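Listed below are the residues making up each chain.
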Amino acid sequence: MYLPPHDPHVDDPMRFKPLFRIHLMERKCATVECMYGHKGPHNGHIQIVKKDEFSTKCNQTDHHRMSGGRQEEFRTWLREEWGRTLEDIFHEHMQELILMKFIYTSQYDNCLTYRRIYLPPSSPDDLIRPGLFKGTYGSHGLEIVMLSFHGKKAKGTKITGDPNIPAGQQTVEIDLAHPLQLPDIENLRDFSELSRIVLEVQEQVRREEQEQEQRQEEEEHSQQAACQPAANPLGGEGAEGEETAAGAEGTTQNKSPASQPFVLPMGVISRNEDYPRTCRICFYGTGLIAGHGFTSPERTPGVFVLFDDDRFGFIWLELKSFSLYSRIKVSFQNAEAPSREAFDEMLKNIQSLAT
């Protein structure tokens, strides 16, 4: 398992933790060992679930337990996963979230499911190279996000989740057709000024979406006409031209190498104060927030900030918080893993032996 670095150090390397290992013996005999816990390798089981998915199960979960009980297990987990002790965490809300995460993860320590991750394709027109990034998520710590590009949109999908937003959800969406022109550095310190700029763009996006829906309805009506097709309304044609121009403008600015000073507005909370003080470009975007258990999810406005080829940020306007993301550069070769074909063949051999 590749774990993110300790919060909030997003630029630190990923941490490596073995979870299981397979011994292939003579005569196609194989044994599986669980590596979880602190008592050394012990008996485990592995099986194929479906294509690109398999599961492991520990047959000796007593090896995961500690003599000091759950309290000792929690303190050990806290040191390993967060790099701190319980006494270091003074914020009551953060203590609650960390405890929830421990309870959630520890209940699956004897049975885990693995799914293959397909990285997004890369295009020369992309703002930056897509891929996996480590990001700060307040009291939830660091989480892994996959950045991908889809025409005029960019999406950040959670690979690891938390009690509020689970893995697989789209944590941020960036509107590449709507770049933001930030105010000068002094006015940028004023949160109300940044909020005004973002909300104006949000209203503009809503109007454009309504105009797009209206044009689609008019086109459908014209196609249903029995006689000659009706001409496109002048208003709709003009609006479409404006949208194209906005998109072209966004594309032009995307490739602009110029940088501008950047500072977080007063009142915006950041886990990592060591963020870059210059940025290339900013875009309007939305971020997904929800209550515990992914209740009442909603998309709220924010600012996507591109710092360089390997770092970007997102200002959550409603939460008044800032997430900093740094590219995962590890080659994933530390585990000395076999090739994809060899590993798939290994799983098939184990499955055939089990049956």
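All chains use their own residue numbering, which begins from 1 and follows the written sequence. Where local features are concerned, this predicted model is filtered to residues with pLDDT of at least 70; where side-chain atom pairs are given and counted, the filter is 80 or more; whole-chain, interface and lining totals use all residues. Side-chain measures were taken over the full set of non-hydrogen atoms in the model, leaving aside hydrogen atoms and water.

Under an unreviewed UniProt entry, the name given to the protein chain is FBX31 protein, and the source organism is Piprites chloris. UniProt positions are given in the numbering used here, feature names are shortened, and annotations may be inferred rather than shown by experiment. On record in UniProt, under Pathway (unreviewed entry), the comment for the protein chain is "Protein modification; protein ubiquitination."

**Description of the overall build of the protein chain**
Helix numbering and strand numbering both begin at the N terminus, where a helix is a DSSP run of H or I of at least 4 residues and a strand a DSSP run of E of at least 2. Across its full length, the protein chain holds six helices and 18 strands. Counting the 355 residues in the protein chain, one finds 41% classified as buried. In the protein chain, the share of contacts with a sequence separation of at least 24, taken over all contacts with a separation of at least 6, comes to 54%. Of the roughly 20100 Å² that the protein chain leaves accessible, carbon and sulfur atoms contribute 51%. Only protein chains enter the accessibility calculation, which uses a 1.4 Å probe; a residue whose area is less than 20% of its type maximum is buried, one above 50% is exposed, and one in between is partly exposed. Residues count as neighbours in contact if any of their non-hydrogen atoms are within 4.5 Å of one another. The accessible surface values rely on the Shrake-Rupley method and a 1.4 Å probe; as for residues, cover is taken only from the protein chains in view.

**Remarks on the confidence of the model for the protein chain**
Any region with low pLDDT has predicted coordinates that should not be read closely. A score between 0 and 100, pLDDT records how confident the predictor is in each residue. This prediction gives the protein chain a mean pLDDT of 83; 83% of its residues lie at or above 70. Low pLDDT, under 50, characterises residues 229–255; the stretch is placed with 24 contacts to residues that sit more than four places away or in other chains.

**So, the layout of surface pockets**
Any empty space left between atoms is shown by rolling a water-sized probe over those atoms. In this structure, the second largest pocket spans a volume of roughly 640 Å³. Using only the protein atoms, space was sampled on a 1 Å grid; points where a 1.4 Å probe fits but cannot get out form cavities, open sets with protein on both sides within 12 Å along at least five of seven lines form pockets, and lining residues are those with an atom within 4 Å of a point. Every residue lining the second largest pocket is counted, 27 residues in all, and those nearest its centre are Tyr 137, Gly 138, Ser 139, Leu 319 and Ser 321. Of all the secondary structure elements, the ones that give two or more residues to the lining of the second largest pocket are helix H2 (92–106), strand E13 (269–270), strand E15 (281–291) and strand E18 (321–327). As a working rule, the residues Ala, Val, Leu, Ile, Met, Phe, Trp, Tyr, Cys and Pro are called nonpolar, Asp, Glu, Lys and Arg charged, and the rest polar, with Gly in that last group. A class-by-class count of the residues in the lining of the second largest pocket yields eleven nonpolar, twelve polar and four charged. The residues that make up the lining of the second largest pocket include at least three from each of domain 1 (2–115) and domain 2 (131–196 + 258–353). Grid points are joined across faces, edges and corners, and a volume is the space filled by probe spheres set on the points. In this document the domain limits rely on a domain assignment from an automatic tool or a database.

**Focus on the pattern of salt bridges**
Here a salt bridge means any side-chain nitrogen of Lys or Arg lying within 4 Å of a carboxyl oxygen belonging to Asp or Glu. Going through the model one piece at a time under the given rule, you end up with 19 salt bridges. The salt bridge partner of Glu 193 is Arg 196, with a shortest N-O separation of 2.6 Å. Taken together, the positions of Glu 193 and Arg 196, both in helix H4 (residues 191–223) and three residues apart, correspond to about one turn of that helix. What emerges from the salt-bridge pattern is a single network uniting Asp 11, Asp 308 and Arg 311.

**A look at the environment of His 178**
As for its placement among the helices and strands, His 178 is situated in strand E11 (residues 170–180). Sequence-distant contacts of His 178, that is, excluding residues within four places in its chain, are made with Val 201, Gln 204, Val 205, Glu 208, Phe 283 and Tyr 284.

**Brief notes about the environment of Asp 125**
Residue placement: Asp 125 occurs in the loop between strand E7 (111–115) and strand E8 (131–136). Spatially, the C-alpha atom of Asp 125 lies 9.3 Å from that of Phe 149, the residues being 24 residues apart in sequence.

**Let's talk about empty space enclosed by the protein**
Here the structure, examined in full by the defined rule, presents one cavity of 30 Å³ or more. Its boundaries defined by the atoms lining it, the largest cavity holds a volume of some 110 Å³. Contributing to the lining of the largest cavity are 16 residues, with Leu 19, Cys 34, Thr 56, Leu 112 and Tyr 114 lying nearest its centre. Looking at the lining of the largest cavity, the elements with two or more residues in it are strand E4 (30–34), strand E5 (42–50), strand E6 (53–58) and E7.

**Examining a negative patch on the surface**
The grouping of Glu 209, Glu 213, Glu 217, Glu 219 and Glu 220 at the surface amounts to a negative patch. Mapped onto the secondary structure, Glu 209 falls in helix H4. The patches reported here contain residues having more than 30% relative accessible area and no salt bridge. Joining distances are 9 Å for like charges and 5 Å for nonpolar side chains (Val, Leu, Ile, Met, Phe, Trp, Tyr). In this charge count, Lys and Arg are treated as positive and Asp and Glu as negative; neither His nor the chain ends contribute. One atom stands in for each charge, and that atom is NZ of Lys, CZ of Arg, CG of Asp or CD of Glu.

**Thoughts on helix H1 (residues 69–82)**
A helix is expected to span 1.5 Å multiplied by its residue count minus one. The terminal C-alpha atoms of H1 lie 20 Å apart, and with 14 residues this matches the ideal 20 Å at 1.5 Å per residue to within 8%. One or two steps after H1, the chain reaches Gly 83, where phi turns positive at roughly 70°.

**A word on the state of the cysteines**
Here, a disulfide means two cysteine sulfur atoms that sit within 2.5 Å of each other. Within the structure shown, the criterion is met by zero disulfides. Of the cysteine sulfurs around Cys 34, a residue in no disulfide, the closest is that of Cys 58, at 4.0 Å. No disulfide involves Cys 282; its sulfur sits 4.0 Å from that of Cys 279, the nearest cysteine. What makes Cys 282 buried here is its relative accessible area of 1%.

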